[in-house]
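# Chains, contacts and geometry: an overview
So you can see what is in the structure, the chains are spelled out below.
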Amino acid sequence: IRPIPNLDKGSSQGILNSAISPDETKVVYSLYDGNDKSYELQMIGLDGSGRRSLYRDKKLTGISSLEWSKDGKQILAIFQTGDAYQLTAVAAADGSAQILKHFGNLKPDYVCYSPDGKKIAYDLAKAETSNDYDIFIMNADGSGEIPLVRHPAKDKLLGWTPRGDLILFSSDRSGSVDAYGIHVVEGQAPGDPLLIKKEIGNIK
């Protein structure tokens, strides 16, 4: 473990979330400034070089769930404005942002790109006070959303397998928290989830 040079911030600023680029040369992080109550997305090289502001909007009241695309060109982030959340793709090159999905007052617990970068998966509670989550998949541009896993249980996204043909998730549908997988073929789930491992515990 070593500190990143040139990352020291003032006492009024704090780093909330971070994610290392796939090539392990850069890190993107969300920064909160207590002086003006603002949130900003910044990027810096792991060697401390090239620190820059990637995205800043004074209307934001939170930034979370940072996730890089496998080619390192896009960063997924959950932007919060008041009590509303939206999934946004931010270009690593110039900070241009594209809103992919509005969630209202519900916040996904985890979002991630598929290994080929063509799809995005996320989990979402059924209601604001619900502990039951479903899992959805959509194209990387925000189109073509479909429910992948719908069940009266706490189904939490764990991620994609490296080939991108299986999505892993945890679920308490059997009474214990178990690991499941569901096959994805051309953006669809043609079959039922498969039990992978029993009693993995609350890892998410």
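Notes on the structure follow. (Residues numbered from 1 in each chain as written. Predicted model: local features only at pLDDT ≥ 70, side-chain atom pairs only at ≥ 80, totals over all residues. Heavy atoms only, no water.)

## A closer look at the pattern of salt bridges
Defined as follows: Between Lys or Arg on one side and Asp or Glu on the other, a salt bridge is scored when a side-chain nitrogen of the former is within 4 Å of a carboxyl oxygen of the latter. Burial classes follow relative accessibility: with a 1.4 Å probe on protein chains only, a residue under 20% of its type's maximum area counts as buried, one over 50% as exposed, and anything between as partly exposed. Strands here mean DSSP runs of E at least two residues long; helices mean DSSP runs of H or I at least four residues long; both are numbered from the N terminus.
Taken as a whole, this structure holds 9 salt bridges when the rule is applied. A salt bridge links K26 to D23; the shortest N-O distance between them is 3.7 Å. The class of K26 is partly exposed, set by a relative accessible area of 26%. With a closest N to O distance of 2.9 Å, R56 and D36 form a salt bridge. With R56 in strand 4 (residues 52-56) and D36 in the loop between strand 2 (26-33) and strand 3 (38-45), this residue pair connects regions lying 20 residues apart in the sequence. Assessed through its relative accessible area of 37%, R56 is described here as partly exposed. Taken together, the salt bridges that share partners define one network made up of D36, E40 and R56.

## Digging into the environment of I44
To be explicit about the condition: Two residues qualify as a contact provided that any one of their heavy atoms is within 4.5 Å of a heavy atom in the partner residue.
With respect to the secondary-structure elements, I44 resides in strand 3. In this structure I44 touches I4, P5, N6, L7, T25, K26, V27, Y29, S49, G50 and R51, once residues within four positions along its chain are discounted.

## Some details on unusual backbone geometry
Here the phi dihedral of E24 falls at roughly 60°; this positive angle occurs in a residue that is not glycine. For E24, the location among the structural elements is in the loop between strand 1 (13-20) and strand 2. Under the relative-accessibility criterion, E24 is labelled exposed at 61%. Of note, the phi angle at S65 is positive, near 55°, even though the residue is not glycine. With respect to the helices, strands and loops of the structure, S65 is situated in strand 5 (residues 62-68).

## A look at the sheet that holds strand 6 (residues 74-81)
To be explicit about the condition: Any two strands are treated as partners once DSSP identifies two or more bridges connecting them. An axis is simply a line fitted to the C-alpha atoms; with a helix, the fit covers only the stretch in contact. Between two such axes, the angle follows the N-to-C directions and lies from 0 to 180 degrees.
Strand order in the open sheet made by the 4 strands is 5-6-7-8, with antiparallel pairing throughout. Edge positions in the sheet fall to strand 5 and strand 8 (97-104), since each has one partner strand and no second. Shown here is a sheet whose adjacent strand axes are inclined to one another by a mean of 20°, direction ignored. Taken together, the 6 bridges between strand 7 (residues 84-91) and strand 8 define a ladder with antiparallel strand orientation. When the sheet's bridge partners are listed, V90 is paired in strand 8 with A97.

## Concerning the side chain of S176
Mapped onto the elements, S176 comes out in the loop between strand 14 (166-171) and strand 15 (178-183). Sequence-distant contacts of S176, that is, excluding residues within four places in its chain, are made with S171, K198 and E199.

## A closer look at the pairing of strand 2
Most of strand 2 is tucked away: 6 of the 8 residues are buried. The sheet contact formed by strand 1 and strand 2 spans 7 bridges and is antiparallel. In the sheet register, I15 faces strand 2, and the bridge partner there is L31. As consecutive antiparallel partners, strand 1 and strand 2 are separated by 5 residues, and within that stretch E24 has a phi angle of approximately 60°, a positive value. The pairing of strand 2 with strand 3 spans 8 bridges and is classified as antiparallel. By the bridge assignment for strand 3, Y29 is matched with Q42. The turn linking strand 2 back onto strand 3 is made up of 4 residues, and K37 within it adopts a positive phi angle of 55°.

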